[in-house]
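Listed below are the residues making up each chain.
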Amino acid sequence: MAMQNSSKKSMSQRWDDYQPTKSTLVWACIGAVAAAIIVGFSWGGWVTGGTSRTAATTAGDVARGELASAICVERFNAEPDAEPRLVEFKAITDGFKKRQFIEAGGWATMPGQTTPDRRGAEGCSTALAA
């Protein structure tokens, strides 16, 4: 009976006595790194550099288009004949032709540019149609 009591160790005693091998430690570290990477990219919001650059470029294009759209609407409304032009614009039913109307009027051509901003013209067209 005394033999059984000495062979039964508590969990903390077994933990204290455990001596892992180097290969066990290496594999545990590799597993921890792999788990951290999987969790980080799946749920942690981590992204690669390419994804980050794409998102930043898209955000810049959208912001530039919104700014160009606001400038376009302001320039359109500042015209002396804005009211009859707006009636003429609203009579156009095709979205592509509305954008062409805005581009042809020069309102979507930003200062310092020689060609109209496509996103600005689309946003301007949407804003003026409302």
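Shown above is the structure to which this text applies.
Read on for a plain summary of the structure. All values derive from a computational prediction rather than experimental measurement.

Rules used throughout
- The residue numbering used here restarts from 1 in each chain and proceeds along that chain's sequence as written.
- Totals for whole chains, interfaces and linings use all residues, but because this is a predicted model, local features are given only for residues with pLDDT of at least 70 and pairs of side-chain atoms are given and counted only at 80 or more.
- By convention in this description, side-chain values take in all heavy atoms of the structure and omit both hydrogens and water.
- Strands here mean DSSP runs of E at least two residues long; helices mean DSSP runs of H or I at least four residues long; both are numbered from the N terminus.
- The cut-offs for exposure are 20% and 50% of the maximum accessible area for each residue type, with area from a 1.4 Å probe on protein chains only; residues under the lower value are buried, those over the upper are exposed, and the others partly exposed.
- Only centres within 6.5 Å qualify two rings of Phe, Tyr or Trp (six-membered ring in Trp) as a pair; their planes then separate them into stacked at under 30 degrees, edge-to-face at over 60, and tilted for everything else.
- Counting as a charge over the ring demands two things of the Lys NZ or Arg CZ atom: a distance within 6 Å of the ring centre and an angle within 35 degrees of the ring normal.
- For this document, the term salt bridge refers to a Lys or Arg side-chain nitrogen within 4 Å of an Asp or Glu carboxyl oxygen.

**Concerning the side chain of Ser125**
- For Ser125, the location among the structural elements is in helix α7 (residues 118-129).
- Given a relative accessible area of 8%, Ser125 falls into the buried group.

**Comments concerning the packing of aromatic side chains**
- Taken as a whole and judged by the stated rule, the model has four aromatic pairs.
- Measuring from centroid to centroid gives 4.6 Å for Phe76 and Trp107, while their planes differ by 70°, and the two rings are edge-to-face. Here Phe76, found in helix α4 (residues 49-78), pairs with Trp107, found in the loop between α6 (95-105) and α7; they are 31 residues apart in sequence, far enough to count as distant.
- Residue classification places Phe76 among the buried positions, given a relative accessible area of 1%.
- Accessibility expressed as a relative area gives 4% for Trp107, which makes it buried.
- Centroid distance Phe89 to Phe101: 5.9 Å. Interplanar angle 40°. Geometry classified as tilted. Linking Phe89 in helix α5 (residues 82-91) with Phe101 in helix α6, this pair joins segments that are twelve residues apart in sequence.
- Phe89 sits in the buried class, given a relative accessible area of 0%.
- Pairwise contacts between aromatic rings join Phe76, Phe89, Phe101 and Trp107 into one cluster.
- Its guanidinium or amino end placed over the ring of Phe89, Lys98 lies 5.2 Å from that ring's centre, counting from NZ or CZ.

**What to know about the pattern of salt bridges**
- Per the counting criterion, the structure on display carries six salt bridges.
- Close ionic contact of Asp81 with Arg85 constitutes a salt bridge, the shortest N to O distance being 3.5 Å.
- Here Arg118 makes a salt bridge to Glu122, at a shortest N to O gap of 3.0 Å. One end of the pair is Arg118 and the other is Glu122, both in helix α7 and four residues apart, which spans about a single turn.
- Here Arg118 falls in the partly exposed class, since its relative accessible area comes to 44%.
- Overlapping salt bridges bring together Arg99, Glu103, Arg118 and Glu122 as one network.

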